[in-house]
Amino acid sequence: MPKIHVFDHPLIQHKLTYIRDIETGTKEFRELVDEVATLMAYEITRELPLKEVEVQTPVCKAKSSVLAGKKLGIVPILRAGIGMVDGILKLIPAAKVGHIGLYRDPETLQPIEYYVKLPSDVSERDFILVDPMLATGGSAIAAVESLKSRGAKNIKFMCLIAAPEGVKALTDAHPDVDIYIAAMDEKLDEKGYIVPGLGDAGDRLFGTK
Ligand code: URA
């Protein structure tokens, strides 16, 4: 069964309130998303494997731990996912970054892949797939399929805000993908926006409308 982790850390919740606020301008919105992504990366990397090494301190030799060198990949779903990448890289700077671009076909409403660029060693990496909003789940499901079809075996999905509909759709489609969320909101509206949400994450990040 997939695990759903809601990060209720006070700093994440505080910053998320200002991310939601309609009065928050592009610059501040971008900075806050970056900061929350860093805080979420701290939580999501909690279970990274360690190995023991010997270190010479000024006092004596000691056994201590370093990361065991698991290969990680971060994959933003274009375009809003880009806003979370730098924040994650602050904590795991050696991670490789792939990109997946999807748009929704206006007739079928199905997500169509228009761009995929991933690290060459996909099957050896654990991936963090990022998109600020998990709304219907359509893009997340398609992006996970895209990663799996290229050999990815271990994928975590990370978003700021999720709707219950999106969480259900993603967990039904990909029960092996754990989901990491800063807030679980109420529902989707008739246009597919998360309520209360934050509006269009891409527009707010990039100052477009
Ligand atoms: N994508 C967004 O940017 N916002 C929503 O509320 C839903 C999907």
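Residues numbered from 1 in each chain as written. Predicted model: local features only at pLDDT ≥ 70, side-chain atom pairs only at ≥ 80, totals over all residues. Heavy atoms only, no water.

Another aspect to go through is the site of the ligand. Close to the ligand lie M133, A135, G192, Y193, I194, G199, D200 and A201, which account for all nearby residues. G199 places a main-chain nitrogen or oxygen 2.7 Å from a nitrogen atom of the ligand. Note that an oxygen atom of the ligand is positioned 2.7 Å from one of the backbone N or O atoms of A201. Surface burial for the ligand is 81%, taken as the share of its 240 Å² of free accessible area covered by protein chains. Classifying every residue of the shell around the ligand by side-chain character gives five nonpolar, two polar and one charged. (Near = heavy atom within 4 Å. Polar contact = N/O pair within 3.5 Å; in protein donor to acceptor, adjacent residues only side chain to side chain. Areas by Shrake-Rupley, 256 points an atom, 1.4 Å probe, with all protein chains shown as cover. Nonpolar A, V, L, I, M, F, W, Y, C, P; charged D, E, K, R; others polar.)

Once that is clear, we can look at the pairing of strand 3 (residues 61–67). Relative to strand 3, strand 2 (residues 50–56) runs antiparallel, the two sharing seven bridges. Note on strand 3: the bridge partner recorded for Q56 is K61. Where strand 2 folds back on strand 3, the antiparallel hairpin that results is connected by four residues. (Pairing = 2+ DSSP bridges. Helix = DSSP H or I, 4+ residues; strand = E, 2+ residues; numbered from the N terminus.)

Here we come to the pairing of strand 10 (residues 154–162). Counting buried residues in strand 10 gives seven out of nine residues, a clear majority hidden from the surface. Pairing between strand 8 (residues 126–130) and strand 10: five bridges, direction parallel. Paired with I128 across the two strands is K156, which belongs to strand 10. Tracing the backbone out of strand 9 (residues 133–134), into helix 4 (residues 138–149) and back to the parallel element strand 10 gives a crossover that is right-handed. Where strand 10 and strand 11 (residues 178–184) come together, six bridges link them in parallel fashion. Note that in strand 11 the partner of K156 across the bridge is D178. (Buried < 20%, exposed > 50% of the residue type's maximum accessible area, 1.4 Å probe, protein only. Right-handed = clockwise from strand over helix to strand, strands pointing away.)

Buried within helix 3 (residues 82–89) are the following residues: G83, M84, V85, G87 and I88. Taken together, the buried residues of helix 3 touch helix 2 (26–44), strand 4 (72–78), strand 5 (96–97), strand 8, strand 10 and helix 6 (201–206). (Contact = heavy atoms within 4.5 Å.)

Attention now goes to the nonpolar core. Residues I19, M40, I88, M158 and L160 are the most contacted members of the largest nonpolar core, which totals 36 residues. Residue assignment for this core shows that the elements contributing at least two residues are helix 1 (10–20), helix 2, strand 4, helix 3, strand 8, strand 10, strand 11 and helix 6. For this core, the leading source of residues is helix 2, giving eight residues. Ignoring anything within four residues of it in the chain, the contact list for I19 reads F29, L32, V33, V36, L160, L198 and R204. Formed by 25 residues, the second largest nonpolar core is a distinct cluster that contains F127, A143, A152 and L170. (Core = buried A, V, L, I, M, F, W, Y, C linked by side-chain atoms within 4.5 Å.)

Look at helix 4 against helix 5 (residues 164–173): their axes get within 9 Å of each other, and the N-to-C directions meet at 25°. Classified by the angle their axes make, helix 4 and helix 5 are roughly parallel. In the packing of helix 4 onto helix 5, the handedness of the crossing is right-handed. Where helix 4 abuts helix 5, its residues A140, I141 and V144 lie against A169, L170 and A173. (Axes fitted to C-alpha atoms, helices over the stretch in contact; angles between N-to-C directions. Parallel < 35°, antiparallel > 145°, perpendicular 65-115°, else oblique. Left-handed = near helix turned anticlockwise from the far one by under 90°.)

Looking now at the environment of H174. Here H174 lies in the loop between helix 5 and strand 11. Looking at H174, the relative accessible area reads 4%, which means it is buried. Each C-alpha atom, one on H174 and one on V116, is 20 Å from the other, the two residues being 58 residues apart in sequence. Excluding residues within four positions of it along the chain, H174 makes contact with I141, V144, E145 and K148. A distance of 3.3 Å separates a polar side-chain atom of H174 from the backbone oxygen of I141.

Fair warning: the whole summary comes from geometry, so function is off the table for now.
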